[in-house]
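Notes for the structure review
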Amino acid sequence: ALQSTGRAARVAAAAAARLDAAPDDVDARLRLAYARRALGDVAGMEQVLRAVPWAAFPDRTNREPRDLLQFP
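So, here's what we can say about the structure. Because the structure is predicted, anything quoted here is derived from the model rather than measured.

About the thresholds
Residues numbered from 1 in each chain as written. Predicted model: local features only at pLDDT ≥ 70, side-chain atom pairs only at ≥ 80, totals over all residues. Heavy atoms only, no water. Helix = DSSP H or I, 4+ residues; strand = E, 2+ residues; numbered from the N terminus. Buried < 20%, exposed > 50% of the residue type's maximum accessible area, 1.4 Å probe, protein only. Contact = heavy atoms within 4.5 Å. Areas by Shrake-Rupley, 256 points an atom, 1.4 Å probe, with all protein chains shown as cover. Phe/Tyr/Trp six-rings, centres within 6.5 Å; stacked < 30°, edge-to-face > 60°. Lys NZ or Arg CZ within 6 Å of the ring centre and 35° of its normal. Core = buried A, V, L, I, M, F, W, Y, C linked by side-chain atoms within 4.5 Å. Salt bridge = Lys/Arg side-chain N within 4 Å of Asp/Glu carboxyl O. Expected span 1.5 Å × (residues − 1). Arc of directions from axis to C-beta. Axes fitted to C-alpha atoms, helices over the stretch in contact; angles between N-to-C directions. Parallel < 35°, antiparallel > 145°, perpendicular 65-115°, else oblique. Left-handed = near helix turned anticlockwise from the far one by under 90°.

Let us look at the overall build of the protein chain. Scanning the protein chain for helices and strands turns up four helices and zero strands. When its helices and strands are written in sequence order, the protein chain yields α-α-α-α. Expressed as a percentage of the 72 residues in the protein chain, the buried residues total 26%. Contacts in the protein chain between residues far apart in sequence, at least 24 positions, make up 23% of those at least 6 positions apart. Total accessible area computed for the protein chain in this model is approximately 5600 Å², and 54% of it derives from carbon and sulfur atoms.

Shown next as structure tokens:
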């Protein structure tokens, strides 16, 4: 959706600004990762996601699962 609507660069900039203000903002980090992927920057997306301790990567062991709420 970010790619097809042309909003990826704008979302990436906003998410990066939020991360500058609050480096532990996981929501902003995920938005930045998706925006970078939409912009074709797969390496940048991975770099952003690797800062999330529970993000699953093949080379990580003992990952802590994230608690997710069930939607109705």
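From this point on, the discussion continues.
Another point: the packing of aromatic side chains. In this structure the tally under the stated criterion is zero aromatic pairs. The cationic tip of Arg-50 hangs over the ring face of Phe-57; the distance from NZ or CZ to the ring centre is 4.1 Å.

Looking now at the nonpolar core. Grouped together as the largest cluster of nonpolar side chains are twelve residues: Leu-2, Ala-8, Val-11, Ala-12, Ala-15, Leu-19, Ala-28, Leu-32, Ala-33, Ala-35, Ala-38 and Val-48. Sorting the residues of this core by element identifies helix 2 (8-21) and helix 3 (26-38) as the ones contributing at least two each. In this view, Ala-28 contacts Ala-15, Arg-18 and Leu-19; residues no more than four positions away in its chain are not counted.

Take the pattern of salt bridges next. Here the structure, examined in full by the defined rule, presents five salt bridges. A salt bridge links Asp-25 to Arg-18; its shortest N-O distance comes to 2.9 Å. Here Arg-18 ties to Asp-27 by a salt bridge, and the two come within 3.1 Å at their closest N and O atoms. Since its relative accessible area comes to 35%, Asp-27 is described here as partly exposed.

This next bit is on helix 2. With 14 residues, helix 2 should reach 20 Å at 1.5 Å per residue; the first-to-last C-alpha distance of 20 Å fits that figure. The complete set of buried residues in helix 2 reads Ala-8, Val-11, Ala-12, Ala-15 and Leu-19. Projected onto a plane normal to the axis of helix 2, the buried residues spread over an arc of 100° and lie on a single side. Within helix 2, the exposed residues directed more than 90 degrees away from the buried face are Arg-10, Asp-20 and Ala-21.

A word on the packing of helix 3 against helix 4 (residues 42-50). The geometry of helix 3 relative to helix 4 is characterised by a closest axis approach of 7 Å and an angle of 165° between their N-to-C directions. Here helix 4 runs roughly antiparallel to helix 3, going by the angle between their axes. For helix 3 against helix 4, the interelement crossing comes out left-handed. Counting all contacts with helix 3, which are made through Arg-29, Leu-30, Leu-32, Ala-33, Arg-36 and Arg-37, the residues of helix 4 involved are Val-42, Gly-44, Met-45, Gln-47, Val-48 and Leu-49.

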